[in-house]
Amino acid sequence: MAKIRMRQAVLQALSDAMDDDPSVFCMGEDIAAAGGPFKVTEGLLERHGPDRVIDTPISEMAFLGAGVGAAVCGMKPVIEMMFIEFIGVALDQLTTQAATMRYLSRGRLTVPMVVRASAGAGQGFGCQHSQMLDHWVRGTPGLKVVVASGARTAYGLLRAAIEDPDPVVVLEPRILYGEREEWEFDPAYRVPLGKAEILRSGGAVTLVTCGAMVPVAMEAAEGIDAEVIDLLTLWPWDRATVMNSVARTGRIVTLEEAPRGSGWGGDLVAEVAQAAFGKLKAPPHRITLPDAPVPYNGGLESRYLPSAPYVAEQVAHLLATDKNPQPWWSAL
Amino acid sequence: MAKIRMRQAVLQALSDAMDDDPSVFCMGEDIAAAGGPFKVTEGLLERHGPDRVIDTPISEMAFLGAGVGAAVCGMKPVIEMMFIEFIGVALDQLTTQAATMRYLSRGRLTVPMVVRASAGAGQGFGCQHSQMLDHWVRGTPGLKVVVASGARTAYGLLRAAIEDPDPVVVLEPRILYGEREEWEFDPAYRVPLGKAEILRSGGAVTLVTCGAMVPVAMEAAEGIDAEVIDLLTLWPWDRATVMNSVARTGRIVTLEEAPRGSGWGGDLVAEVAQAAFGKLKAPPHRITLPDAPVPYNGGLESRYLPSAPYVAEQVAHLLATDKNPQPWWSAL
Amino acid sequence: MTLSNILTPRDRRAALADRPTQLARMIEIREVEAAIQGLFADGHVRGSTHLANGQEAVAVGIARAIDPDDVVTCTYRGHGHALALGVTPVGVIGEICGRTVGCAGGLGGSMHLVEPEVGLLPTFAIIGAGIPVACGAAMAARARGTDRVAVAIFGDGTANIGAFHESLNFAAILRLPVIFVCENNLYGEYTRMNLSTPVEDIAVRAAGYAIPGVIVDGQDADAVEVAMETAVARARAGEGPSLLEMKTYRYSGHSRSDPATYRLPGELDIWMKRDPIPLFADRLAAEGAIGVGGLDAMRAVVKEEVGLAVAEALAAPQPTLDEIFAHVDAASGGADRRWHFWSK
Amino acid sequence: MTLSNILTPRDRRAALADRPTQLARMIEIREVEAAIQGLFADGHVRGSTHLANGQEAVAVGIARAIDPDDVVTCTYRGHGHALALGVTPVGVIGEICGRTVGCAGGLGGSMHLVEPEVGLLPTFAIIGAGIPVACGAAMAARARGTDRVAVAIFGDGTANIGAFHESLNFAAILRLPVIFVCENNLYGEYTRMNLSTPVEDIAVRAAGYAIPGVIVDGQDADAVEVAMETAVARARAGEGPSLLEMKTYRYSGHSRSDPATYRLPGELDIWMKRDPIPLFADRLAAEGAIGVGGLDAMRAVVKEEVGLAVAEALAAPQPTLDEIFAHVDAASGGADRRWHFWSK
Ligand SMILES: Cc1ncc(C[n+]2csc(CCOP(=O)(O)OP(=O)(O)O)c2C)c(N)n1
Ligand SMILES: Cc1ncc(C[n+]2csc(CCOP(=O)(O)OP(=O)(O)O)c2C)c(N)n1
Ligand SMILES: [Mg+2]
Ligand SMILES: [Mg+2]
């Protein structure tokens, strides 16, 4: 049982996948010689060589598109988008090209490509380098979206994504790269795509979250009879696990690292409200970011992001009153 | 009282806005000399001249970004994206640059820019030219998104969007360009951003929709006691109008031209489920597109899109049973 | 020359080795485009369609210079390339009419023709999108130890989109076996090139990436073939990419019923004087490869074949609703029909 | 030379007319970057920060050649440009420390410095994003009948992104009054230019757009100024855009605590031998504009000023929570502080 950092788990997953399958290769900006801006790919070049660990020019459209072409022709490219925001200059290749290749070729051509991207707030990178932006890709037919929440899930999701025959976006919360997790490393370990995980069982409320909000939710859940679910796959998400939990608890709260207007919780809560109609003990509740860009200042950013005490307070209020608490900014 | 086509209303709105405000100019591919691929800007060049009606190279990133810079420097650019899909090669300029300019300059610099885009399915343009894709921009702090549903709303929304001090995306359902609407033309007419419209009052169910689905909803509503709401602004959407209607009807159905995973109905239904908790007579219901790309074949595409009979059938089933009907494809 | 409709795409491709067949293929493209124009007028074609009549020599010249195992990314203006590469007239016309016999089963349409058997990826409807994808195919070819190359075909207007620039730089720095073919037909939609592009020759941009930039007579199928062969040889030898600019012209408007009133006066006539079909026919006659009246005889045969293809396409069934869901992703449950490039 | 901290940005800009002040400004940039490095080490700077020490001559040369009413788009590596254009050391250091006295109130951070008063738009953190925006500013200048120009400043690595290509073509075809300034410091992040770009000079790419492409000695403030003046004159005269490539070098790593172990051996020393500050100081001495020991004296004064700025920044309050919501859109209710370019 060793404690490993998420950064190491991602590196291990990439390296193991390249050991197991010669068609896997990695490509991105400064991932090879420099070992990655977040040291995620350190040593990958030395181990697998320059033909399989490739530094690119600053040309997201070119290397994301090249990933599509390489995947169609029998390779399994793993493309790194250093920050998810950068996909804003190349989105077409992922959502319009990769996602329609199988459909337009009537199943003859497929795009087994993985796009890895660091994402999320909390480290003072400012409003153009701190978002999750899963809504840009979530719900695109033919495209899957997953979010890691620590070393174990990062390894398991990434291996599963690389083995998936279709394009998968893997979001890696940047703030978790350095976090260590107790995990009995197992190279055969996979997190099946489309499956959520119950991290903590509870009877009073189902708290669904993902990514960097998972540790926040777990801390907040202490002392509350909350069932915490790590959604893991944002699209297509695990309806059964969520619905079964809500059937037991009768209450649903989502904890989302996104403003309400673009968060994954809308679709999820809508589905719950439909499936559990008449069976909920309290109104569904969404804990989200405010409708504003991410502030740079440390004090502001740490308030901007939901903290464990804030989440605990929100959930406690819901349990105590069976009414929706106001978000912190309503008091301003 | 004249019948005018939506295409003419858009043209009139652009021309009137340019007459009223010298800082307004239009830019896009083939909008000037050719009068636009859908003949929407026919005559605009002749009336307002080449300095204000500008043909661009095929460079979405350049001319969308130029719109941002021109807006910051006192102009009111109206940028045409011929098909909304094309924003996939330039999204960064809209969501990451335009939307954060006011925030990063602490209110000193603003981006009064309008991005017009034709959108939607139904005409056999294939899966890369037939989507709404409002989810790419919806919910972005600092950015508004509206959808026209006919000549009147196209004129009113576009004029209001051009007068708005912040960036606004105006989606124009391509399939409606040729549709005629009875409307007493009034150059002072505006559709306030952020306000929905009740097109038909009813007591049994609130049917919320927008864009090309509005005529479908209206036809479907005949013979049903349905209140039909045209949302008009997708972000920020009109909470009050929707909630008040649901408070009266006790039932909510959304009709969305998007697969469920990316449709605007998720957030809306989640909000309704929260605000009207315990007061709904039936589970909320969402009528969406299937989770598949848009097919080219005519028979397939016309089934792929919700038709009036299908919507009527879905709503009738909900009213009769107070249970959610299955989508048509569940029978396949 | 053989009845194209009873041959497989690969057979049709192989048949191009025969010079008279090469001429017949150019005529076939011309006739198929004419047929599509008619089908559009008759309401059998939905949405939009982009004809390439006038550009036949580019398509056939490229198809002759590469192997069916080489990969091609092309655009919505791809009917001619699809036919040249080997897709049958029924596969092309059927797709454009949305029928099951179409090369994409009727779900793709005019802008998305496809045939992996002859290396054609689904043609791209977003400007520039196919260019980086061709780079990736070239990366795969090299990584898998084959000497396959990739060809990216696009237009003059597309030379102003970011993906063009990024791809040429990317391919140059990685020395990828890819050939960038710009079909310069002088117009991007309704805009003449001089109004969107400050240089007259796209080929000059190659210097910005230190790769060869070659201007080619796109009306001469042999000139296209020779230029392609040089670039392909260079690519297969590991010497990197090339940019070829094919000077050509489209006789039809940009799409649908565009009357192309924006053309410069007389321009069309000047180009028609160098129509690629008689130009090539005369050469074959001089070579003695076809006899007197050979062109007319050939045209008659091809016309008949295309007529048969149209009839077959229109007689074919429409796809069923389940096709919408058959191939969205691996879980869709559509039969596994995966094509494996370069697998022994 | 005057105490920079008590001057407004516009005053500081005007003060650059004085050549000793020009030298002092270069020293100021050097010292502010050094201070930021220290503040980062001490934990006062969050996220990332990108220093421009070594590139001071480019910043000051540009600032001298344009007016405060001209518009500048720059990148995350913008501390030097912000200071040169006129932003006060407190405005820069304060922003990077997230304080209210920062030029973006502490909400933007190191990558987003801004000061409309001197034409600086919020610096862009997405590669290439500022280039088309500068084109738009140039369109506005022309549309509004002013002779203002726009300057887009970006790096060598950025010359490989689509926005660079599209913008140069766009500006060329519209003959926009914009100057594209590529600061070629030989590296894009941790990658040497030769590994990402097949040409040695970015300037050669100008030929692909039929605009002037000029290589400039970026270590010589006067050379930068002269080259800029030519391009600016051309732009103001309506003759269109230019691409200037400033050959320079960054002494620090790409960002944060990057040790820059990827540098070629000896490369740093070679560049330091042509450090822009002594180079310019010697020239001023030769002109008699500064006396013996003038440089040291000046450095001492600037060091003290920067020390005061650091103290003032660290003593300043943190922004309050309501600032998050003050300027999201017009409805946010933040005070209307709109800046109007070129309004009488
Ligand atoms: C990103 C994007 N922008 C715009 C379009 C619309 N469009 C389709 S074809 C075309 C003209 C392309 O001209 P060119 O590259 O010369 O090719 P040609 O049609 O002449 O073969 C345009 C602008 C598109 N499909 N994608
Ligand atoms: C679209 C995009 N891709 C990648 C990055 C990450 N990134 C930030 S700086 C940088 C290097 C830029 O190099 P250059 O253009 O030479 O500018 P310099 O930093 O040397 O001034 C990269 C790749 C980004 N910010 N945006
Ligand atoms: Mg063309
Ligand atoms: Mg650089």
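Residues numbered from 1 in each chain as written. Chains lettered and ligands numbered in written order. Predicted model: local features only at pLDDT ≥ 70, side-chain atom pairs only at ≥ 80, totals over all residues. Heavy atoms only, no water.

A. Just the confidence of the model for chain C, in detail. In this model, chain C carries an average pLDDT of 96, and 98% of its residues clear a pLDDT of 70 or more. Prediction confidence for the complex, expressed as pTM and ipTM, is 0.98 and 0.98 respectively. (pLDDT = per-residue confidence, 0-100.)

B. View of the interface of chain B and chain D. Every contact between the two is made by 37 residues of chain B and, on the other side, 43 residues of chain D. Between chain B and chain D, the buried area comes to about 3,300 Å², and carbon and sulfur atoms account for 68% of it. For the interface between chain B and chain D, the tally reads two salt bridges. Ionic pairing is found between R106(B) and E323(D), a salt bridge with its closest N-O pair at 2.9 Å. Elements with a contribution of two residues or more to the side of chain B that touches chain D: strand 2 (24-28), helix 3 (60-72), helix 4 (91-97) and helix 5 (101-104) of chain B. (Contact = heavy atoms within 4.5 Å. Buried area = accessible area lost by both parts, 1.4 Å probe. Salt bridge = Lys/Arg side-chain N within 4 Å of Asp/Glu carboxyl O. Helix = DSSP H or I, 4+ residues; strand = E, 2+ residues; numbered from the N terminus.)

C. Looking closely at the environment of A125(C). Residue and element names in this part refer to chain C. The topology assignment puts A125 in the loop between helix 5 (89-96) and helix 6 (130-143). Judged by relative accessible area, A125 falls into the buried class, the value being 6%. Expressed as a C-alpha distance, the spacing of A125 and S110, which sit 15 residues apart in the sequence, is 9.6 Å. (Buried < 20%, exposed > 50% of the residue type's maximum accessible area, 1.4 Å probe, protein only.)

D. View of the coordination of the magnesium ion (ligand 4). All names here are of chain D. Distances from the magnesium ion (ligand 4) to its protein donors, namely D156 (OD), N185 (OD1) and Y187 (O), fall within the range 2.0 to 2.1 Å. Mapped onto the polypeptide sequence, the residues donating to the magnesium ion (ligand 4) form the spacing pattern D-x28-N-x1-Y. For N185, a relative accessible area of 4% puts it in the buried group. (Donors = N, O, S within 2.8 Å, 3.2 Å for Na, K, Ca; no water.)

E. How the structure looks around the relation of the copies chain B and chain A. Turning chain B through 180 degrees and shifting it by 0.0 Å along the axis lays it on chain A, with an RMSD of 0.0 Å. Overall, the copies show the geometry of a two-fold rotation axis. (Least-squares fit on C-alpha atoms with pLDDT ≥ 70 in both.)

F. Just helix 3 (residues 60-72) of chain A, in detail. Residue and element names in this part refer to chain A. For helix 3, which comprises 13 residues, the first-to-last C-alpha distance of 18 Å matches the rise-based estimate of 18 Å (1.5 Å per residue) to within 8%. Most of helix 3 is tucked away: 13 of the 13 residues are buried. Positive phi shows up at G74, right after helix 3, with a value of about 95 degrees. (Expected span 1.5 Å × (residues − 1).)

G. The sheet that holds strand 13 (residues 252-259) of chain B, seen in detail. All names here are of chain B. One open sheet accounts for five strands, arranged 9-11-10-13-14; its pairing is mixed. Unpaired on one side and paired on the other, strand 9 (197-200) and strand 14 (285-289) mark the two borders of the sheet. Averaged over all pairs of adjacent strands, the angle between strand axes in this sheet comes to 25 degrees, irrespective of strand direction. The pairing of strand 13 with strand 14 spans four bridges and is classified as parallel. Each residue of the ladder has a partner; that of P259, found in strand 14, is L289. (Pairing = 2+ DSSP bridges. Axes fitted to C-alpha atoms, helices over the stretch in contact; angles between N-to-C directions.)

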